[in-house]
Amino acid sequence: QVQLVESGGGLVQAGGSLRLSCAASGRTFSNNAMGWFRQASGKEREFVAAINWIGGTVYTDSVKGRFTISRDNAKNTVYLQMNSLKPEDTAVYYCAAHYSGSFAYTSSYRYWGQGTQVTVSS
């Protein structure tokens, strides 16, 4: 059974930092790109960042320079380091394993975690 489990969310003040983790089990994802998405209350799920199997990364414009995606294939884990957090970063953050197609589309991902809440207070 394939599982992606996110952790590391919480409540933080604006300007603070959090590090999200996504641990995969049930199969290895070392050859898959992995992505992070987020969904704010009442809004569509949106792309945040992705990393391919050799470490190439892509970010949505609003997080460039503040967030860093990384992976540890030996641990089957993907991370999202979030710095200089803003209230508009408040959302449930999901990790996902890429299957095919553009990194920015939810339909390109096959497996999803359950999400972890990030709340940034002003």
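As a starting point, this report considers the structure included with it.

Thresholds applied
Residues numbered from 1 in each chain as written. Predicted model: local features only at pLDDT ≥ 70, side-chain atom pairs only at ≥ 80, totals over all residues. Heavy atoms only, no water. Salt bridge = Lys/Arg side-chain N within 4 Å of Asp/Glu carboxyl O. Helix = DSSP H or I, 4+ residues; strand = E, 2+ residues; numbered from the N terminus. Buried < 20%, exposed > 50% of the residue type's maximum accessible area, 1.4 Å probe, protein only.

## Observations regarding the pattern of salt bridges
Counted by the stated rule, this structure contains four salt bridges. The partner of Arg 38 in a salt bridge is Asp 89, with the nearest N and O atoms 2.9 Å apart. With a gap of 51 residues between them, Arg 38 in strand 4 (residues 34-39) and Asp 89 in the loop between strand 8 (77-82) and strand 9 (91-98) connect regions that are remote in the sequence. Grouping residues by exposure puts Arg 38 and Asp 89 together as buried. Notably, a salt bridge pairs Asp 89 with Arg 66, separated by 2.7 Å at the nearest N-O pair. Remark: Arg 66 occurs in the loop between strand 6 (57-59) and strand 7 (67-72) and Asp 89 occurs in the loop between strand 8 and strand 9; sequence separation between them is 23 residues. The two residues Asp 89 and Arg 66 agree in class, both being buried. Residues participating in the shared-partner salt-bridge network are Arg 38, Glu 46, Arg 66 and Asp 89.

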